[in-house]
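Here is how the chains run, residue by residue.
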Amino acid sequence: MSDFVRELTASLQQQIDAYQPEVRAKDVGTVLEDGDGIARVAGLGGVQAQELVQFENGVMGIAFNLEQEVVGIIIMGEFSGIEQGMSVRGTGRIASVPVGDALIGRVVNALGEPIDGKGPIATDRYRPIERIAPGVIERKDVKRPVQTGIKAIDAMIPVGRGQRELIIGDRQTGKTAIAIDTIINQKGKGLLCVYVAIGQKKAQVARVLGTLEKHGAMDYTIIVTASADDPAAMQYIAPYSGCAIGEEFMESGRDALIIYDDLSKHAWAYRQVSLLLRRPPGREAYPGDVFYLHSRLLERAAQLSDDRGGGSLTALPIIETLLGDVSAYIPTNVISITDGQIYLESDLFYAGIRPAVNIGISVSRVGGDAQTKAMKQVAGQLKGDMAAFRELAAFATFGSDLDKSTQRQLERGYRLTEVLKQPQYQPASLEDQVSTIYAGTRGYTDAIPVDQMKDWEAGFRRFMETSYPEVGRDIDEKKVLTPETEARLKDAIQAFNSGWTHR
């Protein structure tokens, strides 16, 4: 026998002698019944709520209903292979997702698994998808703005870092467009974005991904998707997974923005799994805890105190209404949880006013606290003036004689409406917004024909960039309109208008 074989034999014998068998008790159950993405299992006596379980064929599930005799499990994958009598074992791990910077620029499913074909995600950090929101003492006031780049929102319905602002409206009124514009506008602003697509067609998610890539926004964005053909269980946990990913950034002292598109489909998915698991139905067949479903999600958005690192998570949930009915069950629930709403109206959309924001119903409960001083200075009474203009415009359709001041208010309202219109995927910078709104509200556009307002605005923007670049730089750096800058801005507007009127 050669020396090599002797050494190998001795080494193997040594390993055999050193082996200490371990006996570990594992919680194993048996499937009693299954179907439609849920399974009822007997025998998982030590399973915890929200614990991940694994079926014999490798499919994962989450322990959802803990009953006296059985455990109701929602299946997180292809459920057609689950059969009666199949064994199920607990993993001892509460449902969690991978988190960290490695996810930036990636598209993942509701379990945090990559689905973009770019290989595995290199992170060893995990967070549970459910957790208790930060308490009152751990928070501080919302005072820093999230610049959406949309003039109507930044001027009249400002969103702050750590706020929860609902985007609500009928289908095809531009809700997702506002969310995508907001993400595109965060380039270079230190705000990481998480876009959660719930129950959407894969083609729609691919379009969103293509748009974000085209504008370079995937450099700071993560997409979490549970598409329409995914099990209802995946659609149910997707927003919680996205929130856990965003919380990781917030708790590391950074700022994050999360968009839930949309929570109406999320509520439908929850209703489906709840009814299948025989939870008692309530109003509109939703289970009784459907309010808690969204409140425990949205309360996790916060502006943390300095002791907790000062990070923030801003939430922009989206809700779809039916025929403008904001008094339906899910819309009223989410309106009561959030810090304000941006209401998009079909009539305005079809009239060509886009974004179709109804200024009268829309509100931000954080208000001017989340605005830059420069915007506060120029916007002032813009919201009140625009709401009054809408009422006057409706009254004026009756053809009554109007006094001069009312006529003047109407004329300015028409021009401001044109100023607030904005093409999709073209968010405006703070300096552009401040200068154009200043010109509109101070009466410098009153002599411009309404049908030429868009041309005037485009020309004015180019004029400011080429002839008065220092005004824009000053507004961007100081975030306030100083008397000197205001005087320069007035000179610029007058210089531009003198050339415009001679065209």
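Note: the structure precedes this text.
Residues numbered from 1 in each chain as written. Predicted model: local features only at pLDDT ≥ 70, side-chain atom pairs only at ≥ 80, totals over all residues. Heavy atoms only, no water.

Peer 1: Even after reading the chapter, I still don't get helix α4 (residues 202–214), so can you show me in this structure?
Peer 2: Owing to its 3.6 residues per turn, the α-helix brings residues three or four apart onto one side. With 13 residues, α4 should cover 18 Å at 1.5 Å per step; its first-to-last C-alpha distance of 18 Å lies within 8% of that length. On its buried face, α4 is in contact with α3 (175–184), β13 (191–198) and β14 (221–226). In the segment just after α4, G216 is the residue with positive phi, at about 70°. (Helix = DSSP H or I, 4+ residues; strand = E, 2+ residues; numbered from the N terminus. Expected span 1.5 Å × (residues − 1). Contact = heavy atoms within 4.5 Å.)

Peer 1: Please explain unusual backbone geometry as it appears in this structure.
Peer 2: Working note: non-glycine residues mostly have negative phi, and peptide bonds are mostly trans. Cis geometry marks the peptide bond from D261 to D262, where omega comes out at 0°. Note that D262 resides in the loop between β15 (255–261) and α6 (263–276). Backbone torsion omega between R354 and P355 reads 0°, so that peptide bond is classified as cis. Here P355 lies in the loop between α9 (346–350) and β18 (363–364). Backbone geometry places Y425, a non-glycine residue, at a positive phi of 60°.

Peer 1: How should the side chain of S312 be read in this particular structure?
Peer 2: Topologically, S312 is positioned in strand β16 (residues 312–321). Since its relative accessible area comes to 0%, S312 is described here as buried. (Buried < 20%, exposed > 50% of the residue type's maximum accessible area, 1.4 Å probe, protein only.)

Peer 1: Honestly, the sheet that holds strand β3 (residues 51–55) in this entry has me stumped. Any pointers?
Peer 2: Strand order around the closed barrel formed by 6 strands is β1-β2-β5-β4-β3-β6, with antiparallel pairing between neighbours. For this sheet the average axis-to-axis angle between neighbouring strands, irrespective of direction, equals 45°. (Pairing = 2+ DSSP bridges. Axes fitted to C-alpha atoms, helices over the stretch in contact; angles between N-to-C directions.)

Peer 1: Looking at this model, I keep getting lost on the nonpolar core. Mind explaining?
Peer 2: It is characteristic of soluble globular proteins that their nonpolar side chains tend to be buried jointly. I74, M156, L212, I245 and Y260 are the most contacted members of the largest nonpolar core, which totals 129 residues. Element by element, the count of residues in this core is highest for helix α5 (residues 232–251), at 12 residues. Setting aside residues no more than four positions away along its own chain, I74 makes contact with G37, I38, G61, I62, F64, A233, Y236, V273 and L277. In this structure, A39, V47, I73 and I75 belong to the second largest nonpolar core, which totals 15 residues. (Core = buried A, V, L, I, M, F, W, Y, C linked by side-chain atoms within 4.5 Å.)

Peer 1: Looking at this structure, I do not really get the packing of aromatic side chains. What am I missing?
Peer 2: Think of a pair of aromatic rings as described by two things: how far the centres are apart, and how the planes are tilted against each other in angle. By the definition in use, this model includes 13 aromatic pairs. Ring geometry for Y438 versus Y444: centroids 6.3 Å apart, planes at 20°, classification stacked. Both rings, one in W456 and one in F460, keep their centres 5.0 Å apart while their planes meet at 15°; by these two values the pair is stacked. You can see W456 and its partner F460 sitting in helix α14 (residues 453–467), 4 residues apart, about one turn around the helix. Joined through ring pairs, the aromatic side chains of W456, F460, F463, Y468 and F496 make up one cluster. In this arrangement the basic side chain of R271 is found over the ring face of Y286, its NZ or CZ atom lying 4.2 Å from the centre. Directly above the aromatic system of F349 lies the positively charged group of R354, at a separation of 4.0 Å from the ring centroid. (Phe/Tyr/Trp six-rings, centres within 6.5 Å; stacked < 30°, edge-to-face > 60°. Lys NZ or Arg CZ within 6 Å of the ring centre and 35° of its normal.)

Peer 1: Looking at this model, I keep getting lost on the pattern of salt bridges. Mind explaining?
Peer 2: Between side chains of opposite charge, a pair can form as their charged atoms come close. For the structure shown, the criterion picks out 33 salt bridges. Here R131 and E247 are joined by a salt bridge, their closest N and O atoms 3.4 Å apart. Of this pair, R131 sits in the loop between β9 (126–128) and β10 (145–146) while E247 sits in helix α5; the two residues are 116 residues apart in sequence, bridging distant segments of the chain. Its salt-bridge partner being R308, residue E138 comes within 2.1 Å of it at the nearest N-O pair. Pair noted here: E138 is in the loop between β9 and β10 and R308 is in the loop between α7 (290–298) and β16, with a separation of 170 residues, a long-range link. You can call E138 partly exposed: its relative accessible area is 29%. Classification of R308 as partly exposed rests on a relative accessible area of 25%. (Salt bridge = Lys/Arg side-chain N within 4 Å of Asp/Glu carboxyl O.)

Peer 1: Would you mind showing me how to read the sheet that holds strand β17 (residues 340–344) here?
Peer 2: Sheets are built from strands paired through backbone hydrogen bonds, the pairs being either parallel or antiparallel. Strand order in the open sheet made by the 8 strands is β8-β14-β13-β15-β16-β12-β17-β18, with mixed pairing throughout. Each edge of the sheet is formed by a strand with only one pairing partner; in this case those strands are β8 (107–108) and β18. Two elements, strand β12 (residues 166–170) and β16, share 4 bridges in a ladder whose sense is parallel. When the sheet's bridge partners are listed, I168 is paired in β16 with I319.

Peer 1: How should I be thinking about the packing of helix α12 (residues 404–420) against α14 in this particular structure?
Peer 2: Helices that pack against each other are described as a pair by the angle of their axes relative to one another and the distance between those axes. As a packed pair, α12 and α14 sit with axes 9 Å apart at the nearest point and diverge in direction by 55°. Taken together, α12 and α14 sit at an angle that is classed as oblique. The interaxial crossing formed by α12 with α14 has right-handed handedness. Between α12 and α14, the residues in contact are R415, E418 and V419 and M453, K454 and E457, respectively. Looking at the contact of α12 with α14 residue by residue, the classes come out as 2 nonpolar, no polar and 4 charged. (Parallel < 35°, antiparallel > 145°, perpendicular 65-115°, else oblique. Left-handed = near helix turned anticlockwise from the far one by under 90°. Nonpolar A, V, L, I, M, F, W, Y, C, P; charged D, E, K, R; others polar.)

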